[in-house]
Structure formats: C-alpha cells, structure tokens
Amino acid sequence: AARKGNGGDAMNEHTTVSAKQLCTLVFLSLAVDMAVRPFTSGGSAGAQIAILAAVLNTAVVSILLLPVLGLLRREAFTTLKGGVTFGSKALLTLSAVLFAAGGAAAMVRSEAFFRYVSDEPMPQLLVYGLFLLVVFYALRCGLEGIVRVLGLAAGLFLLSMALMLVSNLGGMHLSNLTFQPFDFPDVLRTSARGFTLPPELPLFCLLSLHANREKRRPLLKTLALLCVFYIGLTFCSEAVLGMKAQLQQQTIHTLSRLGSISVFRRLDALHIAAWMLAELCKVAALAYGVQSALTPLLPHSQRGGKTCGYAVGLLAVLLAVCAGAPPETLRAVLTAGTAVLLACTVVYGCVMEGFYAKKRV
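Residues numbered from 1 in each chain as written. Predicted model: local features only at pLDDT ≥ 70, side-chain atom pairs only at ≥ 80, totals over all residues. Heavy atoms only, no water.

**Comments concerning the overall build of the protein**
To keep things clear, this is the line we draw: Only DSSP runs of H or I covering at least 4 residues are called helices, and only runs of E covering at least 2 are called strands; the numbering of each starts at the N terminus. Partly exposed describes any residue whose relative accessible area lies between the buried limit of under 20% and the exposed limit of over 50%, with all areas from a 1.4 Å probe on protein chains only and scaled to the type maximum. Reported accessibility uses the Shrake-Rupley method at a 1.4 Å probe radius. Residues are deemed covered only where the shown protein chains occlude them.
When helices and strands are counted, the protein shows 11 helices and zero strands. Reading the protein from its N terminus to its C terminus gives the helix and strand order α-α-α-α-α-α-α-α-α-α-α. Of all 361 residues assigned to the protein, the portion counted as buried reaches 50%. In the form shown here, the protein has an accessible surface area of approximately 16700 Å², with 68% of it arising from carbon and sulfur atoms.

**Observations regarding the packing of aromatic side chains**
What counts is decided by this rule: Stacked, tilted and edge-to-face are the three classes applied to pairs of Phe, Tyr and Trp rings, where Trp contributes its six-membered ring and a pair requires centres within 6.5 Å; stacked means planes under 30 degrees apart, edge-to-face means over 60, and tilted covers the rest.
One pass over the full model with this rule turns up three aromatic pairs. Each ring, one from phenylalanine 27 and one from phenylalanine 229, has its centre 5.6 Å from the other, and the planes form 65°; the classification is edge-to-face. Of the two residues, phenylalanine 27 is situated in helix H1 (residues 19-35) and phenylalanine 229 in helix H7 (residues 219-241); the sequence distance between them amounts to 202 residues. A centroid spacing of 6.2 Å and a plane angle of 45° characterise the contact between phenylalanine 157 and phenylalanine 229, whose relative ring orientation is tilted. With phenylalanine 157 in helix H4 (residues 124-167) and phenylalanine 229 in helix H7, the pair connects residues that are 72 residues apart, well separated along the chain. The pair phenylalanine 157 / phenylalanine 229 is uniform in exposure class, with both members buried.

**Notes on the pattern of salt bridges**
The line we're drawing: By definition here, a salt bridge exists when the distance from a side-chain nitrogen of Lys or Arg to a carboxyl oxygen of Asp or Glu is within 4 Å.
Under the definition given, this model contains six salt bridges. A salt bridge links lysine 282 to aspartate 33; its shortest N-O distance comes to 2.9 Å. In this pair, lysine 282 is assigned in helix H9 (residues 268-294) and aspartate 33 in helix H1, connecting sequence segments 249 residues apart. On the basis of relative accessible area, aspartate 33 is assigned to the partly exposed category, the value being 24%. Put simply, Asp33, Arg109, Glu200, Glu279 and Lys282 are held in one network by salt bridges that share partners.

**A look at the packing of H4 against H7**
How we decide: Helix axes are fitted to C-alpha atoms over the stretch in contact, other axes to C-alpha atoms as well, and angles between N-to-C directions run from 0 to 180 degrees. Oblique is the label for any angle not covered by the other classes, which are roughly parallel (under 35 degrees), roughly antiparallel (over 145) and roughly perpendicular (65 to 115). In this scheme, a crossing is called left-handed if the near helix is turned counterclockwise away from the far one by less than a right angle; it is called right-handed if the turn is clockwise. In this analysis, two residues are considered to be in contact whenever any of their non-hydrogen atoms come within 4.5 Å of each other. Residues are grouped as follows: Ala, Val, Leu, Ile, Met, Phe, Trp, Tyr, Cys and Pro are nonpolar; Asp, Glu, Lys and Arg are charged; every other residue, Gly included, is polar.
Axis separation between H4 and H7 bottoms out at 11 Å; the angle between their running directions is 30°. If you check the angle between H4 and H7, you find them roughly parallel. Crossing of H4 against H7: the hand is left-handed. Where H4 approaches H7, its residues Phe157, Leu158, Met161, Met164 and Leu165 are matched on the opposing element by Phe229, Leu233 and Cys236. A breakdown of the residues in the contact of H4 with H7 according to their chemical character gives eight nonpolar, no polar and no charged.

**A closer look at a nonpolar patch on the surface**
Basically, it comes down to this: A patch consists of residues whose relative accessible area exceeds 30% and which take part in no salt bridge; residues with like charges are grouped when within 9 Å of each other, and nonpolar side chains (Val, Leu, Ile, Met, Phe, Trp, Tyr) when within 5 Å.
Together, Leu52, Phe182, Phe184 and Leu188 make up a nonpolar patch on the protein surface, roughly 390 Å² of accessible area in all. Along the chain, leucine 52 turns up in helix H2 (residues 47-73).

**Quick word on H9**
Threshold: The span one expects for a helix is its residue count, reduced by one, times 1.5 Å.
For H9, which comprises 27 residues, the first-to-last C-alpha distance of 39 Å matches the rise-based estimate of 39 Å (1.5 Å per residue) to within 8%. Most of H9 is tucked away: 22 of the 27 residues are buried.

**Digging into helix H5 (residues 184-194)**
Convention followed: What the arc describes is the spread of directions from the helix axis to the C-beta atoms.
By the burial criterion, the buried members of H5 are Val187, Thr190 and Ser191. Axial view of H5: buried residues confined to an arc of 100°, hence all on one face. On its buried face, H5 is in contact with H2.

**With respect to the confidence of the model for the protein**
This is how it is decided: Note on scores: pLDDT gives the predictor's confidence for each residue, bounded by 0 and 100.
Overall, the predicted model of the protein reaches an average pLDDT of 84, with 86% of residues at or above 70. Contacts from residues 1-13, a stretch scored under 50 in pLDDT, to residues over four places away or in other chains number 36 contacts.

**Observations regarding the nonpolar core**
Short version of the rule: We define a nonpolar core as any set of buried Ala, Val, Leu, Ile, Met, Phe, Trp, Tyr and Cys residues linked to one another through side-chain atoms lying within 4.5 Å.
Counting 96 residues, the largest nonpolar core has Phe157, Met161 and Trp275 as its most contacted members. At 16 residues, H4 tops the list of elements feeding residues into this core. Not counting residues within four places of it along the chain, the set of residues in contact with methionine 161 comprises Ala35, Phe229, Leu233, Ile252 and Trp275.

**Focus: the side chain of serine 95**
Relative to the helices and strands, serine 95 resides in helix H3 (residues 86-117). Look past the residues within four positions of serine 95 in its chain and what remains in contact with it is Ala293 and Leu341.

**Some words on the side chain of serine 29**
By secondary structure assignment, the location of serine 29 is in helix H1. Sequence-distant contacts of serine 29, that is, excluding residues within four places in its chain, are made with Glu200 and Lys282.

As structure tokens, this is what we get:
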C-alpha cells in the first residue's frame, strides 16, 4: 500500500511511477469511454467507416502530441514543479480547471449510465457524493496507491471485455457486416464528428514529471493500442448486431447482455461493476492531476492534507456546472480546452528552452 502521506504533497519528489503505470492510466481512462458511452443523439457510423475514421483520428492526435512529447523528453517543463513564474502559474491553473472539468464530465456520464442500467436507480446526489468520497480517499493514498488500484482495475476491465467477446462468438457472422464503396469524404466527416482531445493527454504529460527517467513517455504506442482495441470492439459489435449496432445508445452494454454465457442471468452486472471501477479510477487520476496542478500555486501553509480538499472542492464545483450540460457540449469544451492547454504548453516549453539556452551562453 502507498504511504498515507503521499497524497499530502502532490509534487513530492519521492513520488515516482513507472512508464507502464502511466500508460495503463491513459489506456484504461480512454478505453472505458468505449464501454460507457455518452448518451448522444443520432446513430453512429458503420464499422467500415468508423474504423477508418478512428485510424485517421489516432494519426492526427499523435502528430499533435509530437511537439509536447519532444519538449518533455528534453526536460523543458521542470520549472512547472515550482510554479514560480507567471507562465507556469497560468499553465497550472488552466490544467487544474481542465482536469477538474474532465473528472466532472466522467462522473456525469457514469451516473447517467448507472441510472440507465439499474432497475431502481440510486438518487443522483448520492451517486455523486459517493464518487467524491472515493476520490478524496484516493487522493489521501497518493499517486502510487492510485496507479496500483488502476492496474487491478485495468485487468478486470480487459477480463470483462474478453469474457463479453467470447460469450458472443457464436453470434458473430461476417454476413452482418455492412460493405460499401470507399468514400473518403464520408470518412472525413465521421472523423471530424468523432474527433476528441481528452484531458488525459496533458495529464500524462504532467504526471510524467514524477515518472522514472528511463523510457517514461511511450504515449504514442498506447494510443496505437487504443486504436486497435477500438477496431476490435467495433468489428465485433457489428458482426453480432449488424446494422442495429449503429442505433444502440450503449452498444457494449447491449453485447454484455447477449451471448451464450449470459444464461447464468444478469452476467452484465459483473461487467458493469468492472466498468464503474474503471470510471472511479479515471476520476481519481484526473483529481490527482488537479491536486498536482494546485499544489505549487498554494502557500506552503495551505499545502499538505488541505490540497486534497481543494481538489475535491474544485471537482464538485465543476460537477455542478457539467451536470446540466449536453454530452456534445461537454465533449466539445473538453476538446477545445485540451487543445488550448497543449498549445500553451508548447509555447511555454519553447520559451523556457530559449531562456535557459541564453543563460548557458
């Protein structure tokens, strides 16, 4: 178990994680979005178009991340730990707000999904309250504690996906797949409609400052693995459901209720438990990002255990804001916010590199 005091100072220099743990964090946080989908209006594209659009989006996101990862590799963001310059304070403030908004949006989506799959839904405020209590406890446990639980949650999530796919093997038929002539404009439209820049990407960059130095940023490989994971789920969904897959609000949940193994009754409840644990870990990781960004901005007397309360408080405030917003609006705001943060990060890194290059001369 992690030391209790790790959550007290989010920038503790002794708090380190491995590259594998950070990649697991990004993978689980983004993969669970494929299972617990937002309740958006309109049908989705067919597998043929959706897969090509996913490959295109993955390539675009990877290209956009190259400048940030290059600066990160050259240790251009070490001054962020202190938060002493105006640029670092502005960047950390924007990061805290974005991570809190991402965590709030994840809680809103999780609560809507839990209400959708429950025979007797729990009160909305009770669900949010339980989320915030779990997040507060996770912050008190520190980063090492969060990533260890996250590793367990990732194993359960992948086991759930594997069990679901195995149980539906008998219902998969190639004849259910829809084929159509290649239409590049349609691929571009689907790609643009589904394009997102999640807050987990700058979160990875921030937490990389605490990671072990050797090979600590294999983020692009993780994104490629996520793309392969999405392709597999999309292909299997349409192979089982055919054109009906495009009309499902929660396609993966529908698959979890089908299949030969489901004769044991309500096996989907086990899948839901694994997915909700993954959602809790995602929110806890984003909340830790909020805490990490806030810590250098606070006076030393306000750091320590109080930082956890500030992080959870900011998360609760943005939860109240996000609770009434449409899913499409939340996705657009988070994508725009992440794009702005990544752009500001590149500018900040280039300025700091130039500043220290002049000092060395």
